[in-house]
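Chain residues, written in single-letter form:
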Amino acid sequence: MTRAQPELVRPYGDTTGDGMVQLSFTLPVPDDARGQGAARQLAAKMGVDPALVAHARQIGDGHTFFVVYGRVRHLVDLREVEVREREFPLLSAEQVNAAVRRTLRRKLSVVGACIGTDAHTVGIDAILNLKGVAGHKGLEYYRELRVTNLGAQVAVPELVAAARTERADAVLVSQVVTQRDAHLHNVSEMSAAFRAEYPAARRPLLVAGGPRFDERMAGQLGVDRIFGRGTTPAEVASYLVHALGSRPGEES
Ligand code: B12
């Protein structure tokens, strides 16, 4: 017999429902008794009470990295959890190829890059390159997809020019660095440039991805879809045929 899932849950530390959590942060203080007191004070203000400093290590000049363990009294109401459900079916490579042949009757052109100063190419390579990620082959594996991977630190005008040259159906950009919200600024700049360059009906699909995006922010950033951590190439390929298939047909 399966037990019904409770609607209200607490964190699990050592025993069910004990409310124990662990969090880490860095403070601009030395690693001494006062520094540890500062860490406990911050944790208490965040609702972790009592808080135990489980780990402290000074990193560089006058900064200390802390791991704090302690109890919170907050409950999670599972009925109020909001998630973005996948709005398209997950297809095999054969199904994706067949859908492209049927809807476009030519290869689907994908242009990808890491934009801005971001040099973290592993994520976009995982999606685009043949080798893929975790046993899933990348979009280059799909016979009906033509992939152009521009690599790292691509400026937006360069990306727009490549999209034109390659007659891109979809433009995929990766953003991993989130310091000072660089990922949000760069993606907004990119989507504004494409919207300025193309009439709405001819604009490529704009897709952004990276580990620290909120997938619900697509509209706010002016892109068609955002993918977060753990994305597989099959999800992206399935999305592309779904989204392009539901667009009005092309003029020949
Ligand atoms: C490898 C690495 C590097 C390598 C990058 C090599 C390369 N060619 O990519 C090197 C050493 C160059 C590097 C440099 C730096 N790094 Co670094 N780096 C990492 C590290 C360890 C792993 C990132 C990675 O490869 N993940 C694996 C891939 C597969 O995962 P992913 O990117 O999340 O991609 C998946 C999804 O997010 C999604 N996805 C990603 N992009 C896209 C795009 C699309 C279109 C779609 C659909 C999906 C998608 O699909 C992918 C597959 O599932 C992370 C820490 C970590 N453990 O994550 C730090 C990290 C990302 N780096 C960081 C930093 C700060 C830097 C530097 C600024 C350090 C410095 N002071 O010089 C520089 C910046 C250089 C630059 N100009 O960008 C920080 C970023 C902090 C932040 N949030 O802003 C991190 C988080 C480390 C940390 N904890 O501080 N780094």
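Details of the structure are given in the entry above.
A brief look at the structure comes next. As the structure is a computational prediction, the values presented were derived from the model and not from experiment.

This brings us to the layout of surface pockets. The calculated volume of the second largest pocket comes to roughly 330 Å³. Forming the boundary of the second largest pocket are 20 residues, of which Gly 123, Ile 127, Gly 210, Gly 228 and Thr 231 lie nearest the centre. Elements that contribute at least two residues to the lining of the second largest pocket include exactly helix H3 (122-128), strand S8 (170-174) and strand S9 (205-209). Looking at the lining of the second largest pocket, the element that brings in the most residues is H3, giving 4 residues. Of the residues contributing to the lining of the second largest pocket, the split by class is 12 nonpolar, 7 polar and 1 charged.

Moving on, we come to helix H1 (residues 33-45). Taking 1.5 Å of rise per residue, 13 residues should cover 18 Å, and H1 covers 18 Å from first to last C-alpha, within 8% of that figure. Turning to H1, its buried residues are Gly 35, Ala 39 and Ala 43. Angular distribution of buried residues about the axis of H1 spans 80°; they occupy a single face of the element. Residues of H1 that are exposed and point more than 90 degrees away from the buried face comprise Ala 33, Arg 34 and Lys 45. With its phi angle positive at about 95°, Gly 47 sits one or two positions after the end of H1.

Attention shifts here to the sheet that holds strand S4 (residues 64-71). Spatial strand order, S2-S4-S3: 3 strands in an open sheet with antiparallel pairing. Edge positions in the sheet fall to strand S2 (20-27) and strand S3 (51-58), since each of these pairs with one other strand and no more. Shown here is a sheet whose adjacent strand axes are inclined to one another by a mean of 15°, direction ignored. Bridging between S2 and S4 involves 8 bridges; their strand directions are antiparallel. Within S4, the residue paired with Leu 23 across the bridge is Val 68. In this fold H1 packs onto S2, S3 and S4, with an angle of close to 130° to the strand it touches most, S3.

Inspection of the region around the ligand gives 28 residues, with Ala 119, His 120, Thr 121, Ser 174 and Thr 178 positioned closest. Between Pro 211 and the ligand, the recorded distance is 3.1 Å, taken from a backbone N or O atom to an oxygen atom. Thr 231 is positioned such that a nitrogen or oxygen atom in its backbone is 2.7 Å from an oxygen atom of the ligand. Of all the secondary structure elements, the ones that give two or more residues to the shell around the ligand are H3 and S8. For the shell around the ligand, the element with the highest residue contribution is H3, accounting for 5 residues. The class makeup of the residues in the shell around the ligand is 12 nonpolar, 13 polar and 3 charged.

Four donors placed tetrahedrally about a metal ideally form angles of 109.5 degrees, and six donors placed octahedrally ideally form angles of 90 or 180 degrees. You will see that the cobalt atom of the ligand has only one donor from the protein, His 120 (NE2), lying 2.2 Å away. Tracing the chain through its elements places His 120 in the loop between strand S6 (108-114) and H3.

As enumerated under the stated definition, the model contains 5 aromatic pairs in all. Taken together, the ring pairs connect Phe 88, Phe 227 and Tyr 239 into an aromatic cluster. A cation over an aromatic ring shows up here: Arg 164 above the ring of Tyr 198, its NZ or CZ 4.4 Å from the ring centre. Cation over ring: Arg 225 sits above Phe 227, and NZ or CZ is 4.6 Å from the ring centre.

Summarising the element assignment, Ser 191 is placed in helix H5 (residues 182-197). Assessed through its relative accessible area of 4%, Ser 191 is described here as buried. The contact partners of Ser 191, leaving out residues within four places of it in the chain, are Leu 206, Leu 221, Gly 222 and Val 223.

Conventions we followed
Residues numbered from 1 in each chain as written. Predicted model: local features only at pLDDT ≥ 70, side-chain atom pairs only at ≥ 80, totals over all residues. Heavy atoms only, no water. 1 Å grid on protein atoms, 1.4 Å probe; cavity = no way out; pocket = protein on both sides within 12 Å on 5 of 7 lines; lining within 4 Å. Points joined across faces, edges and corners; volume = space filled by probe spheres on them. Helix = DSSP H or I, 4+ residues; strand = E, 2+ residues; numbered from the N terminus. Nonpolar A, V, L, I, M, F, W, Y, C, P; charged D, E, K, R; others polar. Expected span 1.5 Å × (residues − 1). Buried < 20%, exposed > 50% of the residue type's maximum accessible area, 1.4 Å probe, protein only. Arc of directions from axis to C-beta. Pairing = 2+ DSSP bridges. Axes fitted to C-alpha atoms, helices over the stretch in contact; angles between N-to-C directions. Contact = heavy atoms within 4.5 Å. Near = heavy atom within 4 Å. Polar contact = N/O pair within 3.5 Å; in protein donor to acceptor, adjacent residues only side chain to side chain. Donors = N, O, S within 2.8 Å, 3.2 Å for Na, K, Ca; no water. Phe/Tyr/Trp six-rings, centres within 6.5 Å; stacked < 30°, edge-to-face > 60°. Lys NZ or Arg CZ within 6 Å of the ring centre and 35° of its normal.

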